[in-house]
Amino acid sequence: MEVRDLHPWPTSAAEAKAIQDGLRPLLDLGTPGPAEPRTVAGLDVSYAGDGTGAPLAAAVVVLDTTTLAVLEESVAVGRAAFPYVPGLLAFRELPTLMDALRALKTTPDLLVCDGYGLAHPRRFGLACHLGVLTGLPTIGVAKTSFVGTFTPPAPQRGASSPLVNDDEEVGRALRTQDNVKPVFVSVGHRMSLDNACRTVLRIARHRLPETTRRADRLSRDALSGA
DNA sequence: GCGACAG
DNA sequence: ATCTTGTCGC
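Residues numbered from 1 in each chain as written. Chains lettered and ligands numbered in written order. Predicted model: local features only at pLDDT ≥ 70, side-chain atom pairs only at ≥ 80, totals over all residues. Heavy atoms only, no water.

- An unreviewed UniProt entry annotates chain A as Endonuclease V of Actinomadura litoris.
- The UniProt entry for chain A carries this comment under Catalytic activity (unreviewed entry): "Endonucleolytic cleavage at apurinic or apyrimidinic sites to products with a 5'-phosphate." (UniProt positions renumbered as here; feature names shortened; annotations may be inferred.)

### Side note on the overall build of chain A
Phase 1: In terms of regular secondary structure, chain A is built from five helices and eight strands.
Phase 2: If you list the helices and strands of chain A from N to C, you get α-β-β-β-α-β-α-β-β-β-β-α-α.
Phase 3: For a compact globule of 226 residues, the expected C-alpha radius of gyration is about 17 Å, and chain A comes in at 16 Å, within 12% of that figure.
Phase 4: If you line up chain A on its principal axes, its C-alpha atoms span 40 × 40 × 30 Å.
Phase 5: Buried residues in chain A amount to 54% of all 226 residues.
Phase 6: Element-wise, carbon and sulfur atoms account for 51% of the exposed surface of chain A, whose accessible area totals about 9800 Å².
Phase 7: In chain A, 24 positive and 24 negative side-chain charges are present, and the distance between their average locations comes to 4 Å. (Helix = DSSP H or I, 4+ residues; strand = E, 2+ residues; numbered from the N terminus. Rg over C-alpha atoms; globule rule 2.2 N^0.38 Å. Buried < 20%, exposed > 50% of the residue type's maximum accessible area, 1.4 Å probe, protein only. Areas by Shrake-Rupley, 256 points an atom, 1.4 Å probe, with all protein chains shown as cover. Lys, Arg positive; Asp, Glu negative; His and termini not counted. Charge placed at Lys NZ, Arg CZ, Asp CG, Glu CD.)

### What about helix α1 (residues 13–23)?
Phase 1: Ala16, Ile19, Gln20 and Leu23 are the residues of α1 that are buried. The buried residues of α1 all sit within an arc of 100° when viewed along its axis, so they share a single face.
Phase 2: Tucked inside the fold, the buried residues of α1 contact α2 (90–102) and α3 (126–134). (Arc of directions from axis to C-beta. Contact = heavy atoms within 4.5 Å.)

### Points about the environment of alanine 13
Phase 1: Its place among the elements puts alanine 13 in helix α1.
Phase 2: Sequence-wise, alanine 13 and threonine 176 are 163 residues apart; in three dimensions their C-alpha atoms are separated by 35 Å.
Phase 3: Every residue in contact with alanine 13, bar those within four places of it in the chain, is listed here: Phe82 and Leu88.

### A closer look at the UniProt feature "site: Interaction with target DNA" (unreviewed entry) in chain A
Phase 1: Here the UniProt-annotated "site: Interaction with target DNA" (unreviewed entry) positions come out as Tyr84.
Phase 2: Along the chain, the position of tyrosine 84 falls in the loop between β3 (70–79) and α2.
Phase 3: For tyrosine 84, the residues in contact, after removing those within four places along its chain, are Leu89 and Arg92.

### Details of the pattern of salt bridges
A side chain of one charge can pair with a side chain of the opposite charge if their charged atoms are brought near each other.
Phase 1: With the rule as written, the count across this model stands at 10 salt bridges.
Phase 2: Here arginine 123 makes a salt bridge to glutamate 168, at a shortest N to O gap of 3.6 Å. Here the residue arginine 123 occupies a position in the loop between β4 (110–114) and α3, and glutamate 168 occupies one in strand β7 (residues 168–174), the gap between them amounting to 45 residues.
Phase 3: In this structure, arginine 172 and glutamate 169 form a salt bridge, with 3.0 Å as the shortest nitrogen-oxygen distance.
Phase 4: One connected set of salt bridges, linked through shared partners, spans Arg123, Asp166 and Glu168. (Salt bridge = Lys/Arg side-chain N within 4 Å of Asp/Glu carboxyl O.)

Structural data, given as structure tokens:
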């Protein structure tokens, strides 16, 4: 698929934050997004070490939303492009993730990212960044909380409670299975929070969406050479 | 100032 | 993210 060119790369945390602030106005947060996406892509990254330059593998797996069958897979290997700094995760993984996306023959209807979208200190997490660079609807699904507070949702699958930060609902704690810890869903680009949660429930057979599980396994295998 | 902090 | 054993439960 076609993706936008990468912007100049930051060499400091201050520059990275400035880039996030500059790109944030490009976000489309007013459209509900596809009600019936036919294809959904999951993205994830595995690492071999720490710090800048650590070897990593970025994977993208495209699934049929209805059957959850794998339609296409793409993996790219590279190096961490930035140190890990909470709030600047995108700068670590973006170049290799973009390589994997560029190699895709099909263009997914939605991108499900491992991490956050608007539930971010500057409202511009990895899912937002990937949304601006690809132009596609994106959402973020994270395993742990980062910003905001929430009250535990009811124990039933489908229950949710708002993730609040600065008096804003920046995401939702969503129970994807009965009696299982909730995941944290937030919007990235061209998608409403309601639609994001509804879609996550449709593709989740376990705690994490199938998209994320498939991408996690693919990136891990690519790093181990198998 | 101190701790917490997506992956 | 990654380093790691056994164990409880569907």
